[in-house]
Amino acid sequence: MGKILEKMLVGRLKWHILPRMSHRQYGFMPQRGTEDSLYDLMSHVRAKLREKKVLIMISLDIEGAFDSAWWPAIKVRLAEESCPPNIRRLVASYLDDRMGLERRGDYCQAFADDVVLVFDGDSTGEAQRQANAALAYVRDWGVRNKLRFAPHKTQAMVITNRLKYDTPILHMGGVDIGLSNEIKLLGLLIDRKLTFNGHVTQACAKAIGLYKVLARSAKVQWGLGPEVIRTIYTAAVEPVILYAASAWAPSSRKLGVRKQLGAIQRSFAQKMTKAYRTVSLNSALLLAGVLPLDIRVRETALLYEIKRGHSSEVVGDREVEAPVAFVNLDHPAERMGGSFQCLTDGAELARHVGEGLSIFTDGSKIDGKVGAALSIWNGAAETSTRKLRLEPYCSVYQAELLALRKAVEEALRSGLPACGIFSDARSALDVVTRGDSLHPIAFKIKNLLKEAEKRTQKIKLFWVKAHVGLEGNERADVLAKDAAQHLKTRAHYDKCPVSFVKRQIRKDSIDEWSRRYADGETASVTKLFFPDAVEAHRVVRRIVLDATLTQVFTGHGGFSEYLHRFKCKESPACQCDPDVRETVPHLLLECPIFAVNRYELEMQLKQASNIR
C-alpha cells in the first residue's frame, strides 16, 4: 500500500511542478533520461569548442544530498509552486531551487543531485572568474538550504583545442579544487580531449567480463546454442557498449576505437557461429548476421537525434511522429482508462450493430501503399463510407489509429445519442483505452471521447476478429485496400513513424557494412559463398549453422591447407592428388573422391527444381 501511495503522490507532484521545473533538470523527469542529459552536455561543449573557447567543466558533489535535505525549505518551495495542501502534507521527497544558476547565465544541468557546470571564455582567466563566482554562489545557496558541498570530492577539467593555455585555479569555501584529465558523469567517462578512449575501454572491459561467463557454457560441440548466445549478446552486451552512444558516437570512426570494439564483437560472433578462434571478424560477423559495433554505435546515435528532432538525416523534410508532451496529460485523478468489448462471433456482433450508429474501421498496407477506411451502418444497411490515404512510409498501425479517430469524429458529427465503433486492431484499441498514452493519434481520440462524454453521447468501442466473414468488418477491409491502391487525394496523414526511420537507418548501415566487407582483405572463403553482405544479411539468419557448416563457409577447419598453415599437418595436399591443395573450393567442386556425392546432389536439385 505504501508503494501505491508513493506512486500516486509522485504522479501528482509531477503534474503540479513539471511545467515550472528547470529544463536543465533531467532526473526523475518523464520523457527525459541520462542520454538526454549527456547528449545536451556534449552538444554544448562541442559548440563552444567550435567557437575556439576555453571550457571548464565542474562536477559538483553534495554530501548526503537526500539525507541532508532540509524539510522547512522543501515545504516553502512546494507552497511557492502552488502544490495543494494535501500533497504538501504527504510529501517526503526532495526539491531544490535549480533556477538560480540559470538566471546568472551559467550553463548548469542536473540529473537529480548530480550537478555539472560548464563555463567558457576566450581565455582561461575569463572562464576561471566565472567558475569561481558560480562556486561561491552555489556554496552560499547550500548554506541557506542546509546542504553541504564537498570541494574535495568535486571534479574539474579543462576542455580546449588549444595547445597552450594557463591552468585555472578553482576554489570553493577556501578549499582548492584539483583538476583531472577525465570526469565520469552518469556512467560516461569524458576526457579533456573528448577522445572517449577511456570510456570505450571501460565498456569493453565490462563486455569481456560477460564473455568470460558465457564462454564457460558455450562450446563448439555442446552448451548454449547460437540463438541463445545471440539473445544474450543483444540483450546484455550491446546495451553496455551502446550506452550514451549519441554523446560519443563521433569517436567510433577512429581506428583505435574500432579495433577495441571489433575485438570484443569477434569473440561473441565466433561463439554464435561455433567458429574456430582464427576466423576473421568479417567472416564471423557476416555468418552471425550482426553489424559491426562501431556502425551500431552511429546507428543508435542517429536514431536518437532524429527522434529528438536534432537531425533530418534519412527523413529529409518528413515530420517524425513524436509523442505528446507529458505535461499535456490530464491530472492523474482524471486519467481514466477506457475499455472496449471483445466480440468473437457474428451472433455477438449482431446484438450490438442494431444499437444506433455502427462504424467499422480498418487499415491496410498493400504494394507499398497505405490506406484506411470507415464503413458506416445504420441498422443492417451500410449508409456511407470514408476512404483515407496515408503516405507510403506510414504503418498499418497508424492507419488503424487514423481510422478510429475519423470514426469518433463521425460519431460526434452525427449527434446521435449512441454509436458503436468496431475494429479488428487490438493494439490500436489498447493504446486508445490507456489513460496515460502519449501517442499523438490516440491522445486526440481520447480527447474526442471526452468531448462525447460531455455531450452525453455514448460511444462504445468493440474489437472484432479479422477475416472471419463478419460483414461490416470485411467491408471495411475491402475499402481500406481500395483506398491504399487507388485513392489519389492528398494524404490524410503524413507523420513519419519511428519504425520507418529505423528501417532506413538500418538499410544505410548494412550498405556501409557491405562496402567494408567487400573492401576487406579477410574472409576470402566466405566471399565465395556470400560475395555481397547486403544479400547475405537477408538470408544468413535462415541458415541453421553448425560447426561443420561454419568450417565450410570460413575455410577454417579440418582441411589440409588450413591445418598445414598452423603447423598441425605436414602437407597441405589433398588425398586425391599430392600436387593439389585440399581447400574448400577443391573439395566441393573438383575433388574426385566426392564425385558421386556431387552427382547425387545435382540430381536431387534438378528433381526439386522440376517439382517446383
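Given the structure is predicted, the values throughout are model-derived calculations rather than measurements. (Residues numbered from 1 in each chain as written. Predicted model: local features only at pLDDT ≥ 70, side-chain atom pairs only at ≥ 80, totals over all residues. Heavy atoms only, no water.)

Draft legend 1. Region of interest: the overall build of the chain. Secondary structure summary: the chain contains 24 helices and 16 strands in total. Expressed as a percentage of the 612 residues in the chain, the buried residues total 47%. Relative to all contacts within the chain whose residues are 6 or more apart in sequence, the contacts with residues 24 or more apart total 70%. If you average the places of the 90 positive and of the 71 negative side-chain charges in the chain, the two averages end up 3 Å apart. (Helix = DSSP H or I, 4+ residues; strand = E, 2+ residues; numbered from the N terminus. Buried < 20%, exposed > 50% of the residue type's maximum accessible area, 1.4 Å probe, protein only. Contact = heavy atoms within 4.5 Å. Lys, Arg positive; Asp, Glu negative; His and termini not counted. Charge placed at Lys NZ, Arg CZ, Asp CG, Glu CD.)

Draft legend 2. Spotlight on empty space enclosed by the protein. In the structure shown here, the tally under the stated rule is two cavities of 30 Å³ or more. The volume enclosed by the second largest cavity comes to roughly 30 Å³. Lining of the second largest cavity is provided by Leu 285, Leu 286, Gly 289, Val 290, Trp 513, Ala 533, Ala 536, His 537 and Val 540. Those elements giving two or more residues to the lining of the second largest cavity turn out to be helix 11 (281–288) and helix 20 (533–539). The biggest single contributor to the lining of the second largest cavity is helix 20, with three residues. Looking at the lining of the second largest cavity residue by residue, the class counts come to seven nonpolar, two polar and no charged. (1 Å grid on protein atoms, 1.4 Å probe; cavity = no way out; pocket = protein on both sides within 12 Å on 5 of 7 lines; lining within 4 Å. Points joined across faces, edges and corners; volume = space filled by probe spheres on them. Nonpolar A, V, L, I, M, F, W, Y, C, P; charged D, E, K, R; others polar.)

Draft legend 3. Up close: helix 14 (residues 396–414). Relative to the 27 Å expected for 19 residues at 1.5 Å per residue, helix 14 spans 27 Å between its end C-alpha atoms, a close match to the ideal helical length. Here helix 14 lies mainly inside the structure; 14 of its 19 residues are buried. (Expected span 1.5 Å × (residues − 1).)

Draft legend 4. Representation of the nonpolar core in the model. If you look at the biggest cluster of nonpolar residues, it comprises 64 residues, and the most contacted ones within it are Leu 41, Met 57 and Ile 190. Take this core: its biggest share by element is six residues, from helix 10 (residues 255–273). What Met 57 contacts, discounting residues up to four positions off in sequence, is Leu 41, Val 45, Val 116, Leu 117, Val 118, Gln 155, Ala 156, Met 157, Ile 159, Ile 183, Leu 185 and Ile 190. Of all hydrophobic cores here, the second largest spans 45 residues; its members include Val 320, Leu 357, Ile 359 and Ala 425. (Core = buried A, V, L, I, M, F, W, Y, C linked by side-chain atoms within 4.5 Å.)

Draft legend 5. The sheet that holds strand 2 (residues 107–111), seen in detail. Across the sheet, four strands lie side by side as 2-3-1-4; this open sheet has antiparallel pairing. Bordering the open sheet on either side are strand 2 and strand 4 (155–159), each of which pairs with just one other strand. Within this sheet the neighbouring strands show an average axis-to-axis angle of 15°, counted without direction. When strand 1 (residues 54–60) meets strand 3 (residues 114–121), the two strands line up antiparallel, connected through seven bridges. Bridging from a neighbouring strand, Leu 60 pairs with Val 115 of strand 3. (Pairing = 2+ DSSP bridges. Axes fitted to C-alpha atoms, helices over the stretch in contact; angles between N-to-C directions.)

Draft legend 6. Highlighting the pairing of strand 10 (residues 357–366). Counting buried residues in strand 10 gives eight out of 10 residues, a clear majority hidden from the surface. Sheet analysis places strand 10 next to strand 11 (residues 369–378), joined by 10 bridges and oriented antiparallel. Directly across from Thr 361, in strand 11, lies its bridge partner Leu 374. Counting the residues that bridge the hairpin from strand 10 to strand 11 gives two residues, and of these Asp 367 lies at a positive phi of roughly 55°. Pairing of strand 10 with strand 13 (residues 418–423) involves five bridges; the strand directions are parallel. The partner of Ser 358 across the bridge, within strand 13, is Gly 420.

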